[in-house]
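Analysis of the macromolecular model
Take a look at the letters that make up each chain.
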Amino acid sequence: VQLLESGGGLVQAGGSLRLSCAASGRWFSRYVMGWFRQAPGLERDFVAAIRLSDGSTAYADSVKGRFTISRDNAKTTVYLQMNSLKPEDTAIYYCAADIISSIATMRSQSSYGYWGQGTQVTVSS
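Residues numbered from 1 in each chain as written. Predicted model: local features only at pLDDT ≥ 70, side-chain atom pairs only at ≥ 80, totals over all residues. Heavy atoms only, no water.

1. Here's the deal with the nonpolar core
In this structure, Met33, Trp35, Leu80, Met82 and Tyr93 are the most contacted members of the largest nonpolar core, which totals 38 residues. At the level of secondary structure, the elements contributing two or more residues to this core comprise β3 (17-24), β4 (31-38), β5 (45-51), β6 (57-59), β7 (67-71), β8 (77-82), β9 (91-99) and β11 (119-124). (Core = buried A, V, L, I, M, F, W, Y, C linked by side-chain atoms within 4.5 Å. Buried < 20%, exposed > 50% of the residue type's maximum accessible area, 1.4 Å probe, protein only. Helix = DSSP H or I, 4+ residues; strand = E, 2+ residues; numbered from the N terminus.)

Now the structure itself:
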């Protein structure tokens, strides 16, 4: 499985960006796809996740109401719509995927075996 992120960039505070994560290779609709982010000097944190089979989602409290995760009909591309961006959202954003049976563990990066290379998001104040 290969994951390729795109859509990062520089935006002013209050602006929006949409990240995409395209999957290729051996793929199953049972996969969960997640977004994580890592700011300089900090650990990688959970942002959002979606279960491709039924569209169930989970969000970090810090992004709830501002970010929306969605999938395309073919269930091979996942999007992260980021609105009302803040400087503290600045980070490298990583896409991840794996078959995860429990919604509770969708938030844990150790649940994911496949990762993209990351895309930089910078929010200026």
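2. Looking at the side chain of Thr77
With respect to the helices and strands, the residue Thr77 is situated in strand β8. Beyond its immediate sequence surroundings of up to four residues, Thr77 is in contact with Cys21, Ala22, Ser70, Arg71 and Asp72. (Contact = heavy atoms within 4.5 Å.)

3. As for the state of the cysteines
Tallying each qualifying case throughout the model produces 1 disulfide. One disulfide bridge connects Cys21 with Cys95, the sulfur atoms lying 2.0 Å from each other. Handedness here is read from the sign of the S-S torsion; for Cys21 and Cys95, about -80°, the answer is left-handed. Taken together, the residues Cys21 in strand β3 and Cys95 in strand β9 connect sequence positions 74 residues apart. Here Cys21 and Cys95 have matching classes, each one buried. (Disulfide = S-S within 2.5 Å.)

4. Brief notes about the environment of Lys75
Assignment of secondary structure puts Lys75 in the loop between β7 and β8. Distance from Lys75 to Ser125, taken between C-alpha atoms, is 35 Å for residues 50 residues apart in sequence.

5. Some remarks on unusual backbone geometry
We note that Ser84 has phi near 50°; this positive angle belongs to a residue other than glycine. Note on placement: Ser84 falls in the loop between β8 and β9.

6. Observations regarding the sheet that holds β3
The strand order across the open sheet built from 4 strands is β1-β3-β8-β7, with neighbouring strands paired in antiparallel fashion. The outermost strands of the open sheet, each flanked by one partner alone, are β1 (2-6) and β7. Going from strand to strand, the sheet's axes swing by 15° on average, the running direction of each strand aside. Relative to β8, β3 runs antiparallel, the two being bridged by 6 bridges. Each residue of the ladder has a partner; that of Ser20, found in β8, is Tyr79. (Pairing = 2+ DSSP bridges. Axes fitted to C-alpha atoms, helices over the stretch in contact; angles between N-to-C directions.)

7. Concerning the pairing of β5
For β5, the buried fraction is high: 6 of the 7 residues fall into the buried class. Of the strand pairs in this sheet, β4 and β5 are connected by 6 bridges, and their pairing is antiparallel. Residue pairing in the sheet places Arg37 in a bridge with Asp45 of β5. Two strands pair when backbone bridges link them, and β5 and β6 are joined in this way by 3 bridges, in the antiparallel orientation. Along β6, the bridge assignment pairs Ala48 with Tyr59. Counted along the chain from β5 to the antiparallel partner β6, the turn is 5 residues long, and its residue Gly55 has a positive phi close to 80°.

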